[in-house]
Amino acid sequence: MAASSSKQLSRFWEWGRNIVCVGRNYAEHAEEMGSAPPAEPLLFLKPSSAYVREGSPIVRPRYCRTLHHEVELGVVLGRRARAVPQDAAMQLVAGYALCLDMTARDTQEQCKMKGLPWTLAKGFASSCPVSDFVPKEKIADPHKLHIWLKVNGKLRQEGDTSSMIFSIPYLISYISHIFDLEEGDLILTGSPKGVGAVEVDDEIEAGIGDVVSVRFKVAQGTEPGSPKGV
Ligand SMILES: CC(=O)CC(=O)C(=O)O
Ligand SMILES: [Mg+2]
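All residue numbers refer to positions counted from 1 along the written sequence of the respective chain. Numbering of ligands from 1 and lettering of chains from A proceed in the order in which they are written. Reporting in this predicted model follows two pLDDT cut-offs: at least 70 for local features of residues, and 80 or more for side-chain atom pairs to be given and counted; totals over whole chains, interfaces and linings ignore these cut-offs and use all residues. With hydrogens and water set aside, each side-chain value is computed from the structure's full complement of heavy atoms.

A. The UniProt feature "domain: Fumarylacetoacetase-like C-terminal" (unreviewed entry) in the protein chain, seen in detail. Taking the UniProt record as the reference, the feature "domain: Fumarylacetoacetase-like C-terminal" (unreviewed entry) is found at residues 19-218. Think of it this way: any DSSP run of H or I at least four residues long counts as a helix, any run of E at least two long counts as a strand, and we number them from the N terminus. Note that residues 19-218 is 16% helix and 36% strand, and that its end C-alpha atoms are spaced 21 Å apart. UniProt positions are given in the numbering used here, feature names are shortened, and annotations may be inferred rather than shown by experiment.

Here it is as structure tokens:
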């Protein structure tokens, strides 16, 4: 099947496709979370309604007291992938995006203690802010990118994608042996160290080097009747 063009995927967040997240893909972040680096990729999913774009706020759920930022490189798939070998995986990539894996850290800790899935912690509405789409032709080597994040102008997170434990082709191949990846799917490749809390009215700015950047404000969720959490 032919790959979708960059133009078709330039608004990938509107396709309603899978958001597949990789956890603990940087050893220093695994360590700061008190975990050992994984022997196999740790995967979880966000719903496509988790997307938020610049101009709308990141909304802290009512059940969350400790909302953390995680800056991550996102990989946008341009073609369906089933059981692809690593050496063919990069041909399926259409482009990249700067992504945030917003995390209700207190909820996640509760989920871990109770052996529950991370959906409330990682999958709430607006938990996946994304930048504009960056066509793959604009990135010479996705494993040599500087990703960074500031809160209210102060640098909080910096990482180099060369430090990923599992490379992009490894991840695409690995995931595609579990379920089909589709055109328009997004893979969040994990956070470097330096995750931390944001408060209501904070401003987050994040980018991939000087290729693309985004700004988001944090707001408080006020939905009546929203769950109490875990
Ligand atoms: C501990 C985590 O929240 C895993 C994660 O999302 C990561 O990027 O690492
Ligand atoms: Mg993450």
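B. Looking closely at the sheet that holds strand β15 (residues 203-208). A sheet is described by the order of its strands in space; here five strands give the open sequence β4-β16-β15-β11-β12, paired in mixed fashion. Each having just a single partner strand, β4 (58-60) and β12 (154-160) make up the two edges of the open sheet. Here the average twist between neighbouring strands, direction ignored, is 20°. Here a strand pair is declared whenever DSSP counts at least two bridges between the two strands. Both β4 and strand β16 (residues 212-220) contribute to a ladder of three bridges, which runs parallel. Within β16, the position partnered with Val-59 by the bridge is Ala-219. Throughout, an axis means a line fitted to C-alpha atoms (over the contacting stretch in the case of helices), and angles, computed between N-to-C directions, take values from 0 to 180 degrees.

C. Highlighting the pattern of salt bridges. Throughout this description, the term salt bridge denotes a Lys or Arg side-chain nitrogen within 4 Å of a carboxyl oxygen of Asp or Glu. Tallied over the full model, the rule gives 15 salt bridges. Linking Glu-28 and Lys-193 is a salt bridge whose minimum nitrogen-to-oxygen distance equals 3.5 Å. A residue pair is termed long-range when its members are at least 10 positions apart, and Glu-28 in helix α2 (residues 27-32) and Lys-193 in the loop between β13 (186-188) and β14 (196-198) qualify at 165 residues. Summary of the burial criterion: residues with accessible area below 20% of their type's maximum are buried, those above 50% are exposed, and those between are partly exposed, where the area comes from a 1.4 Å probe applied to protein chains only. When its relative accessible area of 40% is taken as the criterion, Lys-193 is described as partly exposed. For Arg-60, the salt bridge identified is with Glu-199, shortest N-O distance 3.6 Å. Taken together, the residues span a long stretch of sequence, with Arg-60 in strand β4 and Glu-199 in the loop between β14 and β15 at a distance of 139 residues.

D. Structural view of the side chain of His-68. In this structure, His-68 sits in strand β5 (residues 67-69). For His-68, a relative accessible area of 13% translates into the label buried. Not counting the four nearest positions on each side in its chain, His-68 is found in contact with Asp-101, Met-102, Thr-103, Arg-105, Val-195, Gly-196 and Ala-197. We call two residues contacting when some pair of their heavy atoms lies within 4.5 Å.

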